[in-house]
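# Summary of structural features
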Amino acid sequence: MQSKIMNNPKVVDLEKVVIKFAGDSGDGMQLTGTQFTDTSALLGNDLATFPDYPAEIRAPQGTVAGVSGFQIHIGSIDINTPGDIADVLVAMNPAALKANKNFIKKGGSIIINIDSFNQRDFEKAGYKQSPLEDNSFEGYNLIEAPITKLTRETLKDSKLDGKSIGRAKNMFALGIVYWMFNRPMQQTESFLKTKFKKSPDLVEANIKVMHAGYNFADTIEALSSSYTVLSAKLPKGTYRNVMGNQAMSWGFLAAAENAKKELFLGSYPITPASDILHELAKHKNLGVKTFQAEDEIAGVCSAIGASFCGSLAITTTSGPGLALKGEGIGLAIMTELPLVVVDVQRGGPSTGLPTKTEQSDLMQALYGRNGESPAVVLASSTPANCFDWAYQASKITLEHNTPVILLSDGYLGNGAEPWKIKSTNDMPKINPNVAREGDDYLPYARDKKILSRKIAIPGTKGLEHRLGGLEKEDITGNVSYDPENHEKMCKIRSEKINRLSNIIPEQKIYGNESGNLLVIGWGGTFGSLYSAVDTLLKDENSVGLCHFNYINPLPRNTKEILSKFNRIVVCELNAGQFANYLRMNFQGFVFEQYNKLQGFPFTSIELESHFKLLLSK
Amino acid sequence: MEKLTNKDFSSDQEVRWCPGCGDYAILRAMQKSLPLLNRKKEDFIFISGIGCSSRFPYYMDTYGFHSIHGRAPAFATGMKLANPNLSIWQITGDGDALAIGGNHFIHALRRNIDINILLFNNEIYGLTKGQFSPTSKKGIKTKSNPHGTTDEPFSPSDLSLGAKSSFFARVVDTNPKLMQKIFVEAEAHKGTSLIEIMQNCVIFNDKTFSSITGKDVKKDAQLTLEHGKPILYGATMNKGIILNKFKLETVIIGENGITIDDILVHDAYEQDSTLHAMLARMRPPEFPAALGVIRSVKRSTFDNDMNSQIDHEKKNAKFNNVNELLFSGDTWNV
Ligand SMILES: Cc1ncc(C[n+]2csc(CCOP(=O)(O)OP(=O)(O)O)c2C)c(N)n1
Ligand code: SF4
Ligand SMILES: [Mg+2]
C-alpha cells in the first residue's frame, strides 16, 4: 500500500507511538480506533490495542462514567502491549479529558473538540470551571479543534439530518490523526463504502468530513510536524489484523475442518464473550451450527448433546456463565466426552465489572465443580494466539475425550494485533478418538498410554450404549456404586489429565534460564510482563520470564525451572490464585506475589519498577 | 431393513423401579412401539434428566444418555441439531421438566425442535422420596410440607400450549394400547411432541389419578380424542361434549333433544389452541379427562429451519473452506 505524498516538510520518524481516542459512548470512538488500527496494520506496523468502554450502552452523556476509549500502540519495533500512557490523546469532550488526564505523556499532544468545552459540559464532567484555564495542561501540545462546528460546516449542503451530521464528527478527529501520522485514508474510505452501502449520502458525508479533518490538520500551525511510524520487521508471511475473540472463533473453525467434524457452539450472550458467538454465527456457510440457548446451562448441555452425536462442541461464556455451567462440565467429565468451554474472563465476583479485564476465574476453572472433577485448563496469552489455543484445546479434547476449559479475558478478547496467518494445512493433525462399526466396543475400556476411552457416536450400528452422570464401572461403563470402583475411577480421571504432561511441550523461559529473579505469569498478561522483562534484560539484569499457557496439567519441567532462581514473583490480575496453585503443587518454594485488581492490564512501567525493587533487595 | 422386536430394545440392565410402579408399563409400551417405527435401532437416542423416570434410558438397548436434573431438553436439542437424522426421545418427570427444568422445557416447545418428550407426571418427586412437585394437588401433605402444600399447581397442558407446543397428547399408564398408538403418532409428527403420561407412584403418591384411572370410574372419567371424530365417552359411548357459548358441557345423546350432530368434533389440526386447552383442562367429576392426541399442528421445526439456512449459506458461500476465510479481506505481505 502506498503512502499519500505529503506536502508537509517536517516529517519525523518514530519508533513507536501510543494514541488514545476518547469520547462519549455515543461518539463512535471504538470505530475510530478500529479504523486507525486497520490502516496501521496494512502499513505493516506492529501494534496492540485496548478498547475500554462502559458497561452501559449509553451511559449518561458527557459524564466521566460514560467515557469510551480506544488505545492503540503502533511501532516499527516489536509491540507487545497497548502502551502504558498515551503520546497523543483525542478528547471529544471534557469528561474524556478528565478520565485520561493521568495517562498522557508529559509533553504529549492533546487534541480536544473545543466545541464541547463549555460550561454545561464542564459541569457534566464534574469540573467547576474550564480545565484549560488552570495551567494543568501546561507543557502539553494542546490542539483546540472546533470539530463539531467544522463538521457541520463541511456538511452544510448535505441532505443528512442534523443528528447524522453530528455523528460524523468522529471522522473529523480520525482525519486529524491520519494527517499527524501520515496515514492514507483509502482503507477507511472503502470501509465506509461497505458499511453504509445502502446510504450513499452517509458514505459521502463521512468521507468528506474525514478529509476536512485531514486538511484542517495540514493547514493549522498548531501541529509543528507530522510523524511516520515505519513498518515493523516482522517475519515473512501474509498478515492480517485480528482481535482475540475473532482469532479464537477461527481457531475452532480450523480445528473442526482438520478434524473433519462439524462445529457446534451452544452459548448464551455475555460480555466480553459474545463476539465469539457473533463471529461463528456468520459462518454458517462453513457448516458451523450456532445455538443461542435460553441460558448458559442450556448452552453447555446442548454442546454436550452435540458432542455425543459427533460434533466438535464448544460453549463460550464469561465468569458468571461458567458458574452456571459447572454441573454440565461435571457431566462431561464423568461421561468423558469432548467439550471445550471458553471463559473470556471479566472482573468479578457476581456481575462485577462486565467490560473490564481480570484473571480471577482461575480457581473456578480448576475447581469450581462438585466432586473430584479435574478438567484440562489452558490459557491464551495474546489476541492472536487465541487462534492457536482454540485449536489446541480442540485437539486435546477430541483426542483425549475429556473436557478442556480455555481461559481468555476481556483484554485479549477485545484487543487486536497483527497475525501472521496460518494455513490450515500447516497445523498439527487432529485424530479424534472414536470407535467404528464392527469394533468390539466397551464404552469405558481405555487406551493404556493416554487413558482415554473411545466414544461411539449414535447412528453407528452395533455400538448402542448408555452414558450418564452416575458413576461408571471401569471398562463396561455400567452404573456402579461399588466403593472400590469409585475410587479407581476418580484416580483414572485425574491421572488421564496428569498424563497429558507427557505430551505437551516443556515450559520455555524468556531471558535468563537461571539467576536472580523469575517472573511468572499466565494468560493475558504476557504482553506487559514481556515488555517489562525485556527492558530489564537490556540493562543486563538477571531475570527470566516464565509465562504459562498450560495450567492443568502444568508442563513437566516446571519444578526444574523454579529451582533455578533465587527469587520468584507471580504476577496476575487477581488476588494470587495462580501463586496459590503453584504453592499447592510445588512446596518448598517461596512465591512472592504482584497483583492488581483494577479492571485494567498491568502497565509495563509498574511491573518494571517492582521487578527492579525485587532485584535490588 | 432387519425386522426388530421388543426384545431388541431391552437392555441387559436389571430394572429397578418399585414393584407396581407405573413406569414399568410405559417401558413395555415403548419397547413394543419402536419396532413399529421402521427405523434403524442405532438411530434412536433416549435422553433423560434425573428422577425415577429418568432411569428409563438404562433399560432401553439403544443409545442413551442419563443427564442432569432438568436439562434434558438442552441435550436433546444439541443432539438433534448435530444429527437431524436421529429419533430422539426425552424422558422426564414432573419435577425434572416443570420445576428445575421449566425453562428448558418451554423453550424446546417454543422452538419446536423435532424430538419427542415423555413427561412422566406422577405429581410427586419420586426419587428424592416424596416431596411435592409443581403438579401436586394443592393441600396434599408431603414430607416437605407436612401441613399441606400451599403451592398452586400448574397444568402441563396449559403451560405447554402457552409455550406454543405443536403436539400435545395425554395418556394413562394403565392403557398400553393407547400409549403405543400415541408414541407412533408422536414420532410421525415433525416438531416437539409432548406426551403427558399420568403415571402412578405406588410409594409416595398412590392413586393420585384414581378418579380418572380407577376401574370402577374410568368409563365415565376418561375420553379418548380422535381427530375428526365426535367427542364421545361412557360405557355405551352415549355421552358427549358440546360447546355451549364459550364453555364445554357434557350431554347425553337422546336426552333434551341432543343428537350425535350436536356433539363437538375433535380437530387436533386447528392452529388456534383455545379449544385444545379447554379439552385438556377437563377433569372429573364434572368432566371426563381427555386422553389421546389433543393437538397436532404443522409448524416449521427449529432443526429444519437451521439446516435450510445452512444449506442456503453453503450454496451462496463466500468461503468454501477455512483457509479462504483466514486469507480474506485486508491482508498484507511482509
Ligand atoms: C441439581 C439437582 N438438584 C436436585 C437433585 C435431586 N433430585 C433428583 S430427582 C428430583 C426430583 C424428581 O422428581 P421428578 O422429576 O418428578 O421424577 P420422578 O422421580 O417423580 O420420576 C430431585 C429433586 C438433583 N439430582 N440434582
Ligand atoms: S418411588 Fe414411585 S415413581 Fe419412583 S420407582 Fe417407586 S413407585 Fe415408581
Ligand atoms: Mg415425579
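Residues numbered from 1 in each chain as written. Chains lettered and ligands numbered in written order. Predicted model: local features only at pLDDT ≥ 70, side-chain atom pairs only at ≥ 80, totals over all residues.

## Structural notes on the domain arrangement of chain A
Residues and elements named next belong to chain A. Filter applied, for reference: Where a domain begins and ends is set by an automatic assignment or by a domain database. To qualify as a helix, a DSSP run of H or I must reach at least 4 residues; to qualify as a strand, a run of E must reach at least 2; elements of each kind are numbered from the N terminus. When residues are sorted by character, Ala, Val, Leu, Ile, Met, Phe, Trp, Tyr, Cys and Pro go into the nonpolar class, Asp, Glu, Lys and Arg into the charged class, and all the rest, Gly among them, into the polar class.
When its domains are assigned, chain A resolves into domain 1 (11-229), domain 2 (240-426), domain 3 (433-503) and domain 4 (510-616). Using only C-alpha atoms to locate each centre, domain 2 and domain 3 end up separated by 24 Å. Counting residues per element, the ones that place at least two in the side of domain 2 that touches domain 3 are helix H12 (319-335) and helix H14 (386-400). The element that contributes the greatest number of residues to the side of domain 2 that touches domain 3 is H12, accounting for 4 residues. Residues belonging to the side of domain 2 that touches domain 3 are distributed by class as follows: 9 nonpolar, 5 polar and 3 charged.

## Looking at the site of ligand 2
The condition that has to hold: Placing the C-beta atom from the backbone, one calls a residue near a molecule or strand if that atom lies within 6 Å of it.
Taken together, Trp17, Cys18, Cys21, Asp23, Cys52, Asn122, Gly126, Cys201, Val202, Ile203 and Phe204 of chain B are the residues near ligand 2. Classifying every residue of the shell around ligand 2 by side-chain character gives 8 nonpolar, 2 polar and 1 charged.

## Brief notes about the sheet that holds strand E23 (residues 591-595) of chain A
Residue and element names in this part refer to chain A. Note the cut-off: Any two strands between which DSSP finds at least two bridges are classified as paired. Contact between two residues is assigned when their C-beta atoms, built from the backbone, lie within 7 Å. Every axis in this analysis is a line fitted to C-alpha atoms, fitted for helices over the stretch in contact. Angles between the N-to-C directions lie between 0 and 180 degrees.
If you walk across this open sheet you meet the 5 strands as E18-E20-E19-E22-E23, and the pairing is mixed. Every other strand in the sheet has two partners, leaving strand E18 (510-511) and E23 as the edge strands with one partner each. In this fold helix H19 (residues 577-585) packs onto strand E19 (515-522), strand E22 (565-572) and E23, with an angle of close to 135 degrees to the strand it touches most, E22.

## Quick word on the site of ligand 1
Residue and element names in this part refer to chain B. In the vicinity of ligand 1 there are 17 residues, among which Gly51, Gly93, Gly95, Asp96 and Gly126 approach most closely. The leading source of residues in the shell around ligand 1 is helix H3 (residues 94-100), at 3 residues. Residues belonging to the shell around ligand 1 are distributed by class as follows: 6 nonpolar, 9 polar and 2 charged.

## Digging into the interface of chain A and chain B
On the chain B side, the residues contacting the 58 residues of chain A number 50 residues. Among the elements of the structure, helix H1 (29-42), strand E9 (238-243), helix H9 (244-258), strand E10 (263-267), strand E11 (289-292), helix H11 (296-308), H12 and strand E17 (466-468) of chain A are those that each provide at least two residues to the side of chain A that touches chain B. Looking at the side of chain A that touches chain B, the element that brings in the most residues is H11 of chain A, giving 9 residues. Note that E9 of chain A and strand E12 (residues 331-333) of chain B share 3 bridges and pair antiparallel. If you follow Arg240 of chain A over to E12 of chain B, its bridge partner there is Thr331 of chain B.

## Topic: the environment of Phe526 of chain A
Residues and elements named next belong to chain A. Heads up, the rule is: Burial in this document is a count-based property: other C-beta atoms within 10 Å of a residue's C-beta are tallied, and the residue is buried at 20 or more, exposed at 12 or fewer, or partly exposed in between, with C-beta positions derived from the backbone.
Relative to the helices and strands, Phe526 resides in helix H17 (residues 526-538). Look at Phe526 and you get buried, because 23 C-beta atoms sit within 10 Å. Each C-alpha atom of the pair Phe526 and Phe548 lies 8.9 Å from the other, and the pair is 22 residues apart in sequence. Setting aside residues no more than four positions away along its own chain, Phe526 makes contact with Ser381, Thr382, Gly521 and His547.

## A closer look at the nonpolar core
Note the following rule: We define a nonpolar core as a collection of buried residues of the types Ala, Val, Leu, Ile, Met, Phe, Trp, Tyr and Cys that are connected via C-beta atoms lying within 7 Å of each other.
Core analysis: the largest hydrophobic core is formed by 188 residues, its most contacted members being Ile304 and Val519 of chain A together with Met79 of chain B. Beyond its immediate sequence surroundings of up to four residues, Met79 of chain B is in contact with Gly305, Ala306, Phe308 and Cys309 of chain A together with Ile45, Ile47, Leu86 and Ile88 of chain B. Of all hydrophobic cores here, the second largest spans 58 residues; its members include Phe36, Leu43, Ile110 and Val177 of chain A.

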